[in-house]
Each structure stands twice: as C-alpha cells, then as structure tokens.
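One-letter residues, chain by chain:
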Amino acid sequence: MLDFALYLLMISPSLIMLERIRIVLIGTSHPGNIGGVARAMHNMGLADLALVAPRCEVITQDSISRASGADHLLHQANVHATLEDAVADCTLAVGASARSRTLPWPMLSPRELADRLPTECQPADSRVALVFGREDSGLTNAELQRCHAHVHIPTNADFSSLNLAAAVQVLAYECRMAWLSQAQVDTPSVAQSDDDDLATHAELERYFEHLERTLIGIDFHDPAQPRQLMARLRRLYLRARPERMEMNILRGILSATEKAASSKQPKP
Ligand code: SAH
C-alpha cells in the first residue's frame, strides 16, 4: 500500500499550481450552490475556498448533499467579512463576470486565464484568486475594480449567466487543463486505454492474412484484381493503432464470418 502511494507520488506531477488557486465566493445566498462549488473544486483538484459575507449558512443538508463527498472543503473554507480580507495575500485576482461593464477592464477568456496560470503560480508565495459574485446580482463594479482582470465565459448573449457552481466548474476545469499541460501529463485517452497493450506487428500481420483469406472466401476480394484493397485496409487499421484485445475481437468476427459463409455453401 505504501509502495503504491510512493509510486503515485512519483508519477503524479506536483499539485503546487492548483494549491495556489483560491476560489472566492461573494455574498452567496444558496447553501446548495456552495456545496456545488465544493464538488466542482474537488473534482478538479482545487481546495482553497474562501467565502466573503455569505448570505446563508454554509454547512446545511443542502450544501453537504450538493458537495457529494467534497464537504471537507466546506468545513475548511475560510469566511471573511470583506473581499479585501479574502484576497489580501493574493498576487493576482480575477473577477468572473457574466455581463460586460461600462468601464472597460482587462478582459480574459477562460483559456487566456489558464495560459497565464503556470507563470502566475510560479513564485512560492503567489496566490491567484478567482472571484465569483452573488447569484442574484453578480459582482459590484467596486468589487470588479479590485480585480486585476475580468474573465467572461463565452455564452449565449441572450442568456449569459451561468449557475454559480457551473461557472466555477468551467474555470476550475481550465485551471486543471493548464496544470495538466504544464506537467505534460496526458489525460486518459479514450482511444488508448491502458487496460491492454497495443497489438504487435506480428499480431497485425496475422490479422491481415486472416482478413485477406476471409475476404477472398466471401468473394469480396479477388487477388487477381487486387485494386490496392489490402493496402487500403492496412492503412485504415494501422491508423487506428488497435490493441491486442481489439485485434482478438476483429479476428473473432472474421472466424464467425467464415463459419457463416461456409454453412451457406451448397452442400456437394
Ligand atoms: N445575475 C448575475 C449573475 C449571477 S451568476 C449577473 O447578472 O451578474 C453568479 C456568478 O457566477 C457571477 O457573479 C459570476 O461570477 C459567475 N458567472 C456566471 N456566468 C458567468 C459567465 N458567463 N462568465 C463569467 N462568470 C460567470
């Protein structure tokens, strides 16, 4: 067990960048939303939650149930009276806003924000605050003007306001993607699961022989007039980089095809 933990430590990149990102919620009025935010944060590996003058209780049945197992973030959240207190130690504060404001301010897209994070989070004492507003009225101009930049999640212009926890989810996801690309760790890819190995060259060759035999057997392929059929099929299969397990499935299909074709042959 300890060995496994050590192994995980060795292969997982340092969480330092994510540890330096704080989610700040101002004047939240629904405990369920705070719970939803905790869940979104924990899903993406963020843990620093600050609440500024919440207008509801933080630990309720609703918030715990919406946190779905991330309620430790609710218990460890720091509650502050003012935004200034919540971001006092932050080196960058970015206000999330659904609406454009009269006074233009440096504006970032979520991706542009993410691109800045690895550099912003480099110094040991750096802290980045992502500041979110009230469900009913968002952030005030005064609050937004305490932020270095604003971030707007591109949405339908006629319906631009996301649920608070959904807005946190989008930005937390961008933080995670920035962290993953910085650490050059690939997210598990659907195309290449790690539960089986890639087919070897020899296995592929055996498959191609079997495929050709079957295609001849069902009169789909005439070796006298090949028309590059096998070359084209090779190109298709090689592009897919099949795994051994997938190769076995395909060979099973060929065997079943041969069997079905032979049972339809007229009996001599
Ligand atoms: N009704 C409010 C929005 C409330 S949504 C208003 O009109 O301003 C609660 C918070 O979620 C917002 O204050 C903002 O911080 C965040 N949010 C919602 N939609 C967003 C968007 N499209 N882009 C950035 N932040 C958004």
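Higher on the page you've got the structure.
Residues numbered from 1 in each chain as written. Predicted model: local features only at pLDDT ≥ 70, side-chain atom pairs only at ≥ 80, totals over all residues. Heavy atoms only, no water.

S.K.: Explain the side chain of arginine 134 to me, please; I cannot follow it from the model alone.
M.R.: Looking at the element boundaries, arginine 134 is found in the loop between β6 (128-132) and α8 (141-144). A polar side-chain atom of arginine 134 sits 2.6 Å from a polar atom in the side chain of glutamate 143. With residues up to four places along the chain from it excluded, the contact list for arginine 134 reads Ile26, Gly27, Arg55, Leu139, Thr140 and Glu143. (Helix = DSSP H or I, 4+ residues; strand = E, 2+ residues; numbered from the N terminus. Polar contact = N/O pair within 3.5 Å; in protein donor to acceptor, adjacent residues only side chain to side chain. Contact = heavy atoms within 4.5 Å.)

S.K.: Sorry, what's going on with the sheet that holds strand β5 (residues 107-108) here?
M.R.: Adjacent strands of a sheet pair through backbone hydrogen bonds, lying either parallel or antiparallel. Ordered in space as β3-β2-β1-β6-β4-β7-β5, the seven strands form an open sheet in which the pairing is parallel. If you trace the sheet from one side to the other, it starts and ends with β3 (78-80) and β5, each paired once. Direction of pairing for strand β1 (residues 21-26) relative to strand β2 (residues 48-52): parallel, over a ladder of five bridges. Bridging across to β2, valine 24 finds its partner in alanine 50. With respect to the sheet, helix α9 (residues 164-182) is in contact with β1, β4 (92-96), β6 and β7 (149-151), its orientation differing from that of β6 by roughly 155°. (Pairing = 2+ DSSP bridges. Axes fitted to C-alpha atoms, helices over the stretch in contact; angles between N-to-C directions.)

S.K.: What is the right way to look at the pairing of β2 in this model?
M.R.: Regular strands show a simple pattern: their side chains alternate between the two faces of the sheet. In terms of burial, β2 is a largely internal element, five of the five residues being buried. Residues Asp48, Ala50 and Val52 line one face of β2 and the alternating positions Leu49 and Leu51 line the opposite face, and both faces are buried. After leaving β1, the chain enters helix α3 (residues 31-44) and then returns to the sheet as β2, a path that is right-handed. Relative to β3, β2 runs parallel, the two sharing three bridges. If you follow alanine 50 over to β3, its bridge partner there is asparagine 78. (Buried < 20%, exposed > 50% of the residue type's maximum accessible area, 1.4 Å probe, protein only. Right-handed = clockwise from strand over helix to strand, strands pointing away.)

S.K.: What is the right way to look at α9 in this model?
M.R.: Because an α-helix packs 3.6 residues into every turn, residues spaced three or four apart end up facing the same way. Its 19 residues give α9 an end-to-end C-alpha distance of 27 Å, which sits within 8% of 27 Å, the value for a rise of 1.5 Å per residue. For α9, the complete set of buried residues consists of Leu164, Ala165, Ala167, Val168, Leu171, Ala172, Glu174, Cys175, Ala178, Trp179 and Leu180. For α9, the side-chain oxygen to backbone nitrogen distance between the N-cap and alanine 165 is 2.9 Å, and the N-cap itself is asparagine 163. (Expected span 1.5 Å × (residues − 1).)

S.K.: How should I be thinking about the environment of alanine 261 in this particular structure?
M.R.: Topologically, alanine 261 is positioned in helix α12 (residues 244-264). On a C-alpha basis, the gap between alanine 261 and threonine 214 in space is 9.3 Å, while along the polypeptide they are 47 residues apart.

S.K.: Would you mind showing me how to read the packing of helix α7 (residues 110-120) against α9 here?
M.R.: A pair of packed helices is captured by two measures, namely the crossing angle of their axes and the spacing between those axes. Two numbers describe how α7 lies on α9: the axes approach to 9 Å, and their chain directions differ by 40°. Looking at the two axes, α7 sits oblique to α9. As for the relative orientation of α7 and α9, their crossing is right-handed in sense. Here Pro110, Arg111, Ala114, Leu117 and Pro118 of α7 come into contact with α9, specifically with Leu171, Glu174, Cys175, Ala178 and Gln182. A per-class count over the contact of α7 with α9 returns seven nonpolar, one polar and two charged. (Parallel < 35°, antiparallel > 145°, perpendicular 65-115°, else oblique. Left-handed = near helix turned anticlockwise from the far one by under 90°. Nonpolar A, V, L, I, M, F, W, Y, C, P; charged D, E, K, R; others polar.)

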